[in-house]
Amino acid sequence: MKRAKDQVSGQIGEPEPNAQGSKRQPKPAPDPAEQTLGPGLYVVATPIGNLGDMSPRALDVLRRADLVVAEDTRVTGKLLSIMGIKRPMISYTEHNDQARNPALLAALDKGQVVALVSDAGTPLISDPGQRLVAAAVQAGHKIVPVPGPSAVIAALSVAGLPTDRFMFVGFLPARPKARRDELAGLINIPATLIFYEAPHRLIETLEDLNELLGPRPAMVARELTKFYEEIRRGSLAELSNAVKDQVPPRGEIVIVVAPPPKEGIVDHASFDLDQVLKTALDQYSLKDAVAAIADAHGLNRRDVYARALTLKK
Ligand code: SAM
């Protein structure tokens, strides 16, 4: 029987002989328990559904933390108890973060190991923690990433869409006008776009995405890493049609949308001229903004100029 290429020098994973013919001994993986855990703020990712995604290093840091800073102490309490860990916990939400920072900085000043987690995935990614990390940076503390799951990267990794450049948009505004305004500003971003969305807003968001960004290739991922994981791919038009008359799905959702076609800017009839103009006027002179937008979207310069003047007023 023909042997696979990597089996030629022995079993897969067996050390290869070195130039002298002796076999190199593989270094044993360091035992996390023997490594010291210096003081600092550890930003620890936890699973987004599948508990098997909890990393050994995340477990080790949480086991040895002096204090676990959690978005919801009940949610993290359950996770820690499943993992057989009992540590002091404190809640840290977008409502109490300012108030909590002084006590947490004091803990760091004392040389404690402070572990920051959110309910699921990576803290700070559409989750609390940014103010704490910024304050710890400001105070000169050591901040250590303990990377792991995040729905944005999990979704992007299976979308089959360009990954060389991507933009995480997170949650769009709930109000239709604000949502459409924000989407209008994304029309010409030359990157794959990634959105988080609540299930009850999926139908209207897909409709808006299709209308404003055009029928680009996209993916809707639901309940990633969980029992009911579901991944649908198609154009935004197809995906929007597929869910249109259905009962809104349940669960957690990520939408990934391909960049605009390379051959040109998506000139969609319903793009929001006002929003695009406002964005351009923040950065460019009236004349330059009008010329660029009119040319890119095939509009009459005089009409765009008139609209820009009204907006400036
Ligand atoms: N920090 C988390 C992360 O790193 O992904 C995100 C927290 S954010 C409050 C929650 C949103 O993330 C959900 O509404 C959904 O859009 C997305 N999400 C989280 N877990 C997911 C999963 N298992 N499958 C699909 N989307 C998920």
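Residues numbered from 1 in each chain as written. Predicted model: local features only at pLDDT ≥ 70, side-chain atom pairs only at ≥ 80, totals over all residues. Heavy atoms only, no water.

**Q** Can you walk me through the site of the ligand in this structure?
**A** Around the ligand, a shell composed of 18 residues is seen, among which Asp127, Ser150, Tyr196, Leu224 and Ile253 lie nearest. With respect to the ligand, the side chain of Ser150 contributes an N or O atom lying 2.7 Å from an oxygen atom. For the ligand, an oxygen atom lies 2.8 Å from a polar atom in the backbone of Ala151. For the ligand, the protein covers 90% of the area, taking 570 Å² as the surface of the free molecule. Every element with two or more residues in the shell around the ligand is listed here: strand E7 (192–197) and strand E10 (253–257). Split into classes, the residues belonging to the shell around the ligand amount to nine nonpolar, four polar and five charged. (Near = heavy atom within 4 Å. Polar contact = N/O pair within 3.5 Å; in protein donor to acceptor, adjacent residues only side chain to side chain. Areas by Shrake-Rupley, 256 points an atom, 1.4 Å probe, with all protein chains shown as cover. Helix = DSSP H or I, 4+ residues; strand = E, 2+ residues; numbered from the N terminus. Nonpolar A, V, L, I, M, F, W, Y, C, P; charged D, E, K, R; others polar.)

**Q** Which parts of the structure should I look at to understand the sheet that holds strand E2 (residues 67–70)?
**A** Sheets are built from strands that pair by backbone hydrogen bonding, the pairs being arranged parallel or antiparallel. Strand order in the open sheet formed by five strands is E3-E2-E4-E1-E5, and the pairing between neighbours is parallel. Sheet topology places strand E3 (89–91) and strand E5 (143–146) at the edges, where each strand pairs with a single neighbour. Ignoring which end each strand starts from, the neighbouring axes of this sheet average 25° apart. Relative to E5, strand E1 (residues 40–44) runs parallel, the two being bridged by four bridges. Bridging across to E5, Val44 finds its partner in Val146. Helix H1 (residues 56–64) contacts E1, E2, strand E4 (113–117) and E5 of the sheet and is inclined by roughly 135° relative to E5. The sheet strands contacting helix H2 (residues 73–82) are E2, E3 and E4, and the helix crosses E3 at an angle near 150°. (Pairing = 2+ DSSP bridges. Axes fitted to C-alpha atoms, helices over the stretch in contact; angles between N-to-C directions. Contact = heavy atoms within 4.5 Å.)

**Q** Explanation requested: helix H3 (residues 97–109) in the structure shown.
**A** Here H3 spans 18 Å end to end across 13 residues, near enough to the 18 Å set by a 1.5 Å rise per residue. Downstream of H3 by one or two residues, Gly111 has phi in the positive range, about 90°. (Expected span 1.5 Å × (residues − 1).)

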